[in-house]
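Now for the letters of each chain:
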Amino acid sequence: MPREWDAKTYDSLPLPHQQWGKRTLGRLNLRGTETVLDAGCGTGRDTASLLDLVPEGRVIGVDGSSRMLDQLRTKLAGRLDRLDVIEADLTRPLELGTQVDAVSSVATFHWITDHAALFANLARSLRSGGQFVAECGGEGNVARINAAVDEVLGATQGEKVWYFAGVDETTERLEAAGFTDIEVTLLPDPARLEPGEQLWSYLATVVLGSHLDRLPDSDHEDFVHAVADRLPEPVVDYVRLNITARRA
């Protein structure tokens, strides 16, 4: 089941996601009349940009977090005439009512472990020739944070909460799902934060939330601080997996 998020704190943080979104949407070639699916729309940061890119079209925002979607509806309250908001699992058939002209996704797919099902499902939602652009955490992403979590939790960490795919496996899964003109790359993109409160808040809200869901509330602060203390510097060592493709 998709995890819930602290949507208001998420929106208040200095998110590198804004640059990721600009880079990703910049790979779309749109006339302005299309219907675009924002897969993992969150609080609507990139959804708003998509609405600007298709002034005579529509955007469908899909996310698994009701809190994120509540925040999106508040932020984009004046633009809901061209925006459909759907709470759904991206690996399950989406009830969109139509195939879309393009699919975009930013900082979502690493929270989904079954990329074969994910890509196949998005392909079903996309018309033939439709564009697909996405970015997410890729192979090597937050390796230092992962090592710190392993050190803090040891053998109790259990099932991994992230999936950071590489170039070759992603390309193969896209081909199997029916995509063509595939380009997949990895890009190191570290994010530096202020030590102390900003780092702790960022780790708790953006990076370690799924770990915190498995711990008692009384242990949350100590866990976040313990992970932060094990980082050599207040940097989130992001590596981004960038995808561009078309539906065959």
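Remember, predicted model here, so these are calculated numbers, not experimental data.

1. What about the overall build of the chain?
- Tallying secondary structure elements over the chain gives 10 helices and 9 strands in all.
- Compactness check: the chain gives a C-alpha radius of gyration of 18 Å against a globular reference of 18 Å for 248 residues, within 12% of the reference.
- Out of the 248 residues in the chain, the part that is buried amounts to 52%.
- Accessible surface, the chain as shown: approximately 11300 Å² in total, 46% of it carbon and sulfur.
- Of the charged side chains in the chain, 25 are positive and 39 negative; the average position of the first set lies 5 Å away from that of the second.

2. Thoughts on helix 4 (residues 66-75)
- Those residues of helix 4 lying buried are Met-68, Leu-69, Gln-71 and Leu-72. All buried residues of helix 4 project into a common sector of 160° when viewed along the axis, lining one side. The exposed residues of helix 4 that point more than 90 degrees off its buried face are Arg-67 and Thr-74.

3. Topic: the packing of helix 2 (residues 17-25) against helix 3 (residues 45-53)
- Relative orientation of the contacting elements helix 2 and helix 3 amounts to 30°, with a least axis distance of 10 Å. Taken together, helix 2 and helix 3 sit at an angle that is classed as roughly parallel. Crossing of helix 2 over helix 3 shows right-handed handedness. From helix 2, His-17, Gln-18, Gly-21 and Leu-25 reach across to helix 3, where they touch Arg-45, Asp-46, Ser-49, Leu-50 and Leu-53.
- Here the contact of helix 2 with helix 3 is built from residues that sort into 3 nonpolar, 4 polar and 2 charged.

4. Quick notes on the state of the cysteines
- All told, the structure shown has 0 disulfides when counted by the stated rule.
- For the unlinked cysteine Cys-41, the closest cysteine sulfur is that of Cys-136, found at 16 Å.
- A relative accessible area of 7% means that Cys-41 is categorised as buried.
- Since its relative accessible area comes to 0%, Cys-136 is described here as buried.

Reading the values: the criteria
Along each chain, residues carry numbers from 1 onward, in the same order as the chain's sequence is written. pLDDT decides what is reported in this predicted model: residues at 70 or higher carry local features, side-chain atom pairs at 80 or more are listed and counted, and totals for whole chains, interfaces and linings draw on all residues regardless. Water and hydrogen atoms were dropped before computing side-chain values, which therefore reflect all heavy atoms in the structure. Put simply, DSSP marks the helices as runs of H or I at least four residues long and the strands as runs of E at least two long, and each gets a number from the N terminus on. The globule rule used for comparison is 2.2 Å times the number of residues to the exponent 0.38, while the radius of gyration itself is calculated over C-alpha atoms. Each residue gets one of three labels from its accessible area relative to the maximum for its type: buried under 20%, exposed over 50%, partly exposed in between, using a 1.4 Å probe on protein chains only. A 1.4 Å probe and the Shrake-Rupley method give the accessible areas. Residues count as covered only by the protein chains that appear here. His residues and chain termini do not enter the charge count, which takes Lys and Arg as positive and Asp and Glu as negative. Think of each charge as sitting on NZ of Lys, CZ of Arg, CG of Asp or CD of Glu. Starting at the helix axis, one direction is taken to each C-beta atom, and the arc is that of these directions. Axis definition: a line fitted to C-alpha atoms, limited for helices to the stretch in contact. Angles are taken between N-to-C directions and run from 0 to 180 degrees. When describing relative orientation, an angle under 35 degrees is termed roughly parallel and one over 145 degrees roughly antiparallel, while 65 to 115 degrees is termed roughly perpendicular and anything else oblique. Handedness of a crossing is defined here by the sense of rotation of the near helix relative to the far one, left-handed for an anticlockwise turn of less than a right angle and right-handed for a clockwise turn. Between two residues, a contact is recorded if the distance between any of their heavy atoms is within 4.5 Å. Polarity classes work like this: nonpolar for Ala, Val, Leu, Ile, Met, Phe, Trp, Tyr, Cys and Pro, charged for Asp, Glu, Lys and Arg, and polar for all others, with Gly in that last group. When two cysteine sulfur atoms lie within 2.5 Å, the pair is treated as a disulfide.

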